[in-house]
Amino acid sequence: MIQLVTGGWPPYPWAPIWLAIYFTSLTLLDPLAAALLLARRAIGLYLAALVLVTDAAANWYATYCLPGATAVARIAQAVISVLALASLLTVRYARSWMSRPRQGEPSRCT
């Protein structure tokens with residue numbers, strides 16, 4: 001988002017167009033996934049996991065296939081990959097939490 005506000009278009013001039021479009025799309029997908037998670041919608045859980053996995057893949061490409069990656073970029077890519085793996089491992093368990101009624105909220109089954 002900062003690149004869009006401060007730098008104009010294209011926000012990622014160093015990246016191939018498909019990668020720049022993906023990174024730019026995260027300005028919509030990240031808050032959408034967060035809002036759906038806060039609303040306890042299962043689709044938000046799946047969208048968040050999808051965003052993390054594809055972000056890890058995109059960052060891997062940017063870090064290891066494009067020139068100029070720093071040690072900080074490699075560490076950040078590793079962190080994103082761990083988060084993506086954790087999201088995939090926990091989706092199944094978190095899904096049951098998403099369907100439980102909140103404290104004080106009536107059950108959906110009655």
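Our subject in this report is the structure included herewith. (Residues numbered from 1 in each chain as written. Predicted model: local features only at pLDDT ≥ 70, side-chain atom pairs only at ≥ 80, totals over all residues. Heavy atoms only, no water.)

1. Description of the packing of aromatic side chains
So, point 1. Following the criterion strictly, the structure yields six aromatic pairs and no others.
So, point 2. When the ring of Tyr12 is compared with that of Phe23, the centres are 5.4 Å apart and the planes differ by 55 degrees; the resulting orientation is tilted. Taken together, the residues span a long stretch of sequence, with Tyr12 in the loop between α1 (2–7) and α2 (17–38) and Phe23 in helix α2 at a distance of 11 residues. Like Phe23, Tyr12 is buried.
So, point 3. Following the ring pairs from residue to residue traces out a cluster consisting of Tyr12, Trp14, Tyr22 and Phe23. (Phe/Tyr/Trp six-rings, centres within 6.5 Å; stacked < 30°, edge-to-face > 60°. Helix = DSSP H or I, 4+ residues; strand = E, 2+ residues; numbered from the N terminus. Buried < 20%, exposed > 50% of the residue type's maximum accessible area, 1.4 Å probe, protein only.)

2. A look at α2
So, point 1. Between its terminal C-alpha atoms α2 stretches 32 Å, which fits the 32 Å expected from 22 residues at 1.5 Å a residue.
So, point 2. Bending of α2 peaks at approximately 35 degrees at the position of Thr27, with proline Pro31 no more than four residues after it.
So, point 3. Restricting attention to buried positions, one finds in α2 the residues Leu19, Ala20, Tyr22, Phe23, Thr24, Leu26 and Ala33.
So, point 4. Where α2 terminates, the next one or two residues include Arg40, which has phi positive at roughly 60 degrees. (Expected span 1.5 Å × (residues − 1). Bend = angle between axes of the 7 residues up to and from the residue.)

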